[in-house]
Structure formats: C-alpha cells, structure tokens
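One-letter residues, chain by chain:
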Amino acid sequence: MSRQIALLRGINVGGHNSFPKARQLALAESLGFTDVSVLLQTGNLVFTDPGTPPEETARLLHDRIAADLGLDVPVVVRTRDELAAAIDANPFPQAVPEPKSLHVTFLSAAPTDTSRLEALDEAAFVPDRFRLIGRELYLWCPGGIGRSKLAERVSRAPLGVTATARNWNTVTKLLALADG
C-alpha cells in the first residue's frame, strides 16, 4: 500500500468539466482507494492505493471519470516519494518565499522531443525561467504567470505527453496531505 497523488487536468476551471469535490472523493473510494483527501476543487486527490502502479491508477481514474461523467480528463499520478523528489529537485529555491510565482507541470512521462523548449531563448524572457527535469517542468515567473510571455510559450510547446500544472503552494500542500 502506498500513498499516491492524482492530478486531474482542467477540473472545475472556468465553469468547465464540473466534478464536485464530493464526487471526486466518492469516485476514488469506489476504485478501492482509502484515506482519500481532495485538495481544493480542481482535481487534486491524495489517497492510499492497494499497490496499483501510478500509470495504471491514472488510467483507472481517467476511464472511470469518462464512464461516470462523460468527461475526457487527463490524469497524472505520482507516488508520495515521487512528489517529494520533485519538490527536492526544485531548481529555483529562491522562488519558494513567493510560492505563487513558481509552478510545476507534471508530465505523464519524460518527453522524447524537447526541441521546442530547447529552441526558446530564455534570455529574452528574463526574469522568467524554466527547467525540465525528468517528468517535471518547473516555471518561475516572478511577475506572475498570467503576464508571463515565457509561460505562454512553454505551455504551447508540444511535448507529446499528458501535462498538468500546479503552483508551489498546491504542490507542497499535496505532500503534506500525503504525509498525513
């Protein structure tokens, strides 16, 4: 049994893909997950899994959401230890005091084609910066992500994998929930 964190992309954002917190909890429990917590209403589930590999958990959640709600919701899953490692790997520790300026995009797999990211002239977007480390893409936007031209360019770079982003506040709260 392990703690896992499921990150659902595009749930309850801007009035789209309505999936209330209570239904998220019930759906996770119906799949046999225990000690389920839902952080916020935007698709952040923390639970104990009976031993299903994270990739299988993602598929199970995706398929059940599609069957029960008719929604095609991409899902990325990390174990508690994988989430802790992603936090430890943060290449922008100077951003931690301003956690809303730091975002982590969780990828379903390490991308095989990063040419569009590599082609970005990061110097043209200073002070904003990004780093791809394995299956996490870190984006630091000191002036805010909403006004960042780099954030816009990075989000449009096709990586060929499922991706969903969370701000640093949410990432650290998810680990705290996993640690219970």
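Look above for the structure.
The structure displayed is predicted, hence computed values, not measured ones. (Residues numbered from 1 in each chain as written. Predicted model: local features only at pLDDT ≥ 70, side-chain atom pairs only at ≥ 80, totals over all residues. Heavy atoms only, no water.)

Novice: So what about the overall build of the protein chain? Which residues, and what values?
Specialist: Looking only at helices and strands, the protein chain has six helices and eight strands in total. Each helix (α) and strand (β) of the protein chain, taken in turn from the N terminus, gives the series β-α-β-β-α-β-α-β-α-β-β-α-β-α. Rg of the C-alpha trace for the protein chain: 16 Å, near the compact-globule value of 16 Å for 180 residues, within the 12% margin. By its C-alpha atoms, the protein chain is 50 × 30 × 30 Å across when sized along the principal axes. Here the protein chain, with 180 residues, has 45% of them falling under the buried criterion. Counting only contacts in the protein chain whose residues sit at least 6 apart along the sequence, the fraction spanning at least 24 positions is 69%. Accessible surface, the protein chain: about 8,800 Å² in total, of which carbon and sulfur atoms supply 52%. When the 19 positive and 20 negative side-chain charges of the protein chain are each reduced to one mean point, those points stand 6 Å apart. (Helix = DSSP H or I, 4+ residues; strand = E, 2+ residues; numbered from the N terminus. Rg over C-alpha atoms; globule rule 2.2 N^0.38 Å. Buried < 20%, exposed > 50% of the residue type's maximum accessible area, 1.4 Å probe, protein only. Contact = heavy atoms within 4.5 Å. Areas by Shrake-Rupley, 256 points an atom, 1.4 Å probe, with all protein chains shown as cover. Lys, Arg positive; Asp, Glu negative; His and termini not counted. Charge placed at Lys NZ, Arg CZ, Asp CG, Glu CD.)

Novice: Tell me about the pairing of strand β7 (residues 136–140), and please be specific about residues and values.
Specialist: Within β7, five of the five residues are buried, which leaves it mostly tucked inside the rest of the structure. On β7, burial covers both faces: Glu 136, Tyr 138 and Trp 140 on one face and Leu 137 and Leu 139 on the other are all buried. Taken together, the five bridges between strand β5 (residues 102–107) and β7 define a ladder with antiparallel strand orientation. If you follow Phe 106 over to β7, its bridge partner there is Glu 136. Judged from the five bridges that link them, strand β6 (residues 129–133) and β7 form a sheet pairing that is antiparallel. Note on β7: the bridge partner recorded for Arg 129 is Trp 140. Counting the residues between successive antiparallel strands, the hairpin from β6 to β7 contains two residues, one of them, Gly 134, with a positive phi of roughly 65°. (Pairing = 2+ DSSP bridges.)

Novice: How would you explain the sheet that holds β5 if you had to name every residue and give the values?
Specialist: With respect to topology, four strands assemble into an open sheet ordered β6-β7-β5-β8, the strand pairing being antiparallel. Of all strands in the sheet, those bounded by a partner on one side alone are β6 and β8 (163–167). Across this sheet, the average inter-strand angle for adjacent strands is 20°, counted without regard to direction. Sheet topology note: the β5/β8 ladder contains five bridges and is antiparallel. Paired with Leu 107 across the strands is Ala 163, a residue of β8. (Axes fitted to C-alpha atoms, helices over the stretch in contact; angles between N-to-C directions.)

Novice: Can you lay out the layout of surface pockets for me, pointing to particular residues and giving the numbers?
Specialist: Considered as a void within the structure, the largest pocket measures approximately 320 Å³ in volume. Surrounding the largest pocket, 17 residues form its lining, Thr 105, Leu 137, Val 154, Ser 155 and Ala 165 being those nearest its centre. Sorting the residues of the lining of the largest pocket by element identifies β5, β7, α5 (149–156) and β8 as the ones contributing at least two each. Top element by residues in the lining of the largest pocket is β8. It accounts for five residues. (1 Å grid on protein atoms, 1.4 Å probe; cavity = no way out; pocket = protein on both sides within 12 Å on 5 of 7 lines; lining within 4 Å. Points joined across faces, edges and corners; volume = space filled by probe spheres on them.)

The quantities given are spatial measurements derived from coordinates; they are silent on function.
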